[in-house]
Amino acid sequence: MTTGTVGFIGLGIMGVPMATNLVRAGFDVVVWARSPSAVDELVAEGARAVDDVAGVFEAASTVVLMLRDEPAVDAVLARGTDAFADLVSGRTVVQMGTFTTAFSRALADEVGAAGGRYVEAPVSGSRGPARDRTLVAMLAGDPDAVAEVEHVVAAMCAQTFRCGAIPAALSMKLAVNTFLITMVTGLAETFHFAARSGIDLDVLREVLAAGPMASVVSRGKAQKLTDRDLSAQAAVTDVLKNARLAEDAARAAGSSHPLMTASRELYEEAAAAGLGHLDMIAVIAALDERAGVDPKGALAVQVRDGRDCESCPPSS
């Protein structure tokens, strides 16, 4: 085991660029994934591939997890089996996915009982920020463990914030997601209203970009709509998962969450229409459905049946 070696498991839409940035920052990165193409991409950047999860933990003192959901974490770590302690003992597990606070708290307890250390490090951002290293990380855990891995997380992120004890980082992330998801849903509603009113959408995009509400997210999502580019940076399915997590956490905290509830319902409708693989701004299609808009004349016609933007007719 080499102190300077970092393991990375979870080479998905964000994991690949995040691990790539670790390699480019000079870390000795060891990777494993079920997808050979993702592993090959990292190896081409200079990472080392191993045959299984155990190989990652054998090689690295710090192991980053960027996995899709809680069952995936449980499966990778072999929770509930004797292999779990063998994997995590003497290692620091950096969990960067967005899950329930109860799950993270329980996992932290189990890792600690097995002789390991556990740090929450969820990030705010999507594929583009992951690629550009402009993610924002929120960290929680034992202060010494956080200090030990903060430079690793910083190699993948523009800024890091210490939030306190577990599960404070995940609670912070869910609060941030509330703003993100409701904001993007509001932007979709803005463009839907504008399209039905005959407004020039390119001018609308420019007005919004020049105004006080403008942000990197609002500019990027508005550009996607006018460019007919719905390739996923944050996919509808993933956003729906995060919306449910935030809504459940708010309910448990006794917080009213009406805007998130409305947004979550729209993302459910977009996912049910087969648009889960597209970018979150494709939620505009759910507004078309509610308005009874003829798909052939709708602003969101490009997302119908999962067609790509190059096959899209112009909007009305």
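Below you will find a few notes about this structure. (Residues numbered from 1 in each chain as written. Predicted model: local features only at pLDDT ≥ 70, side-chain atom pairs only at ≥ 80, totals over all residues. Heavy atoms only, no water.)

### Quick word on the side chain of Thr98
- With respect to the element layout, Thr98 can be found in the loop between β5 (92-95) and α6 (101-113).
- Residue classification places Thr98 among the buried positions, given a relative accessible area of 7%.
- In terms of polar contacts, Thr98 uses its side chain to reach the side chain of Lys173, at 2.6 Å.
- For Thr98, the contacting residues outside a window of four places in its chain are Pro122, Leu170, Lys173, Leu174, Asn177, Lys241, Asn242 and Leu245. (Helix = DSSP H or I, 4+ residues; strand = E, 2+ residues; numbered from the N terminus. Buried < 20%, exposed > 50% of the residue type's maximum accessible area, 1.4 Å probe, protein only. Polar contact = N/O pair within 3.5 Å; in protein donor to acceptor, adjacent residues only side chain to side chain. Contact = heavy atoms within 4.5 Å.)

### Examining the packing of helix α10 (residues 201-210) against helix α11 (residues 216-227)
- In the contact formed by α10 and α11, the axes pass within 10 Å of each other and the chain directions differ by 175 degrees. The angle between α10 and α11 falls in the class roughly antiparallel. Along its contact with α10, which presents Leu201, Asp202, Arg205 and Ala209, the element α11 presents Arg219, Ala222, Gln223 and Thr226.
- Residues that form the contact of α10 with α11 fall into these classes: three nonpolar, two polar and three charged. (Axes fitted to C-alpha atoms, helices over the stretch in contact; angles between N-to-C directions. Parallel < 35°, antiparallel > 145°, perpendicular 65-115°, else oblique. Nonpolar A, V, L, I, M, F, W, Y, C, P; charged D, E, K, R; others polar.)

### Structural notes on the packing of helix α9 (residues 168-196) against α11
- Where α9 contacts α11, the axes come no closer than 10 Å and their chain directions differ by 40 degrees. Between α9 and α11, the angle falls in the class oblique. For the element pair α9 and α11, the recorded crossing hand is right-handed. For the pair formed by α9 and α11, the contact residues are Leu180, Met183, Val184, Leu187 and Phe191 on the first element and Val217, Ser218, Lys221, Ala222, Leu225 and Thr226 on the second.
- Looking at side-chain class alone, the contact of α9 with α11 contains eight nonpolar, two polar and one charged residues. (Left-handed = near helix turned anticlockwise from the far one by under 90°.)

### Let's talk about the state of the cysteines
- For the structure shown, the criterion picks out zero disulfides.
- Cys163 provides the cysteine sulfur closest to Cys157, a residue in no disulfide bond, and the two sulfurs are 12 Å apart.
- Residue classification places Cys163 among the partly exposed residues on the basis of a relative accessible area of 23%. (Disulfide = S-S within 2.5 Å.)

### Some thoughts on the nonpolar core
- In this structure, Phe8, Leu11, Met18, Leu22 and Met96 are the most contacted members of the largest nonpolar core, which totals 36 residues.
- Looking at this core, the elements with two or more residues in it are β1 (2-9), α1 (15-24), β2 (28-32), α2 (36-45), β8 (135-141) and α8 (143-154).
- If sequence neighbours within four positions are ignored, Leu11 has contacts with Val16, Ala19, Val31, Trp32, Ala33, Ala38, Val39 and Leu42.
- Counting residues in each nonpolar core, the second largest holds 34 residues, with Ala188, Leu225, Ala243 and Met260 among its members. (Core = buried A, V, L, I, M, F, W, Y, C linked by side-chain atoms within 4.5 Å.)

### Let's talk about the pattern of salt bridges
- Evaluated as defined, the whole model comprises 17 salt bridges.
- The closest approach of N and O atoms between Glu150 and Arg162, which form a salt bridge, is 2.6 Å. Highlighted residues: Glu150 in helix α8 and Arg162 in strand β9 (residues 157-164), separated in sequence by twelve residues.
- Overall, Glu150 belongs to the buried group, its relative accessible area being 18%. (Salt bridge = Lys/Arg side-chain N within 4 Å of Asp/Glu carboxyl O.)

Keep in mind that these numbers describe shape and distance, not what the molecule does.
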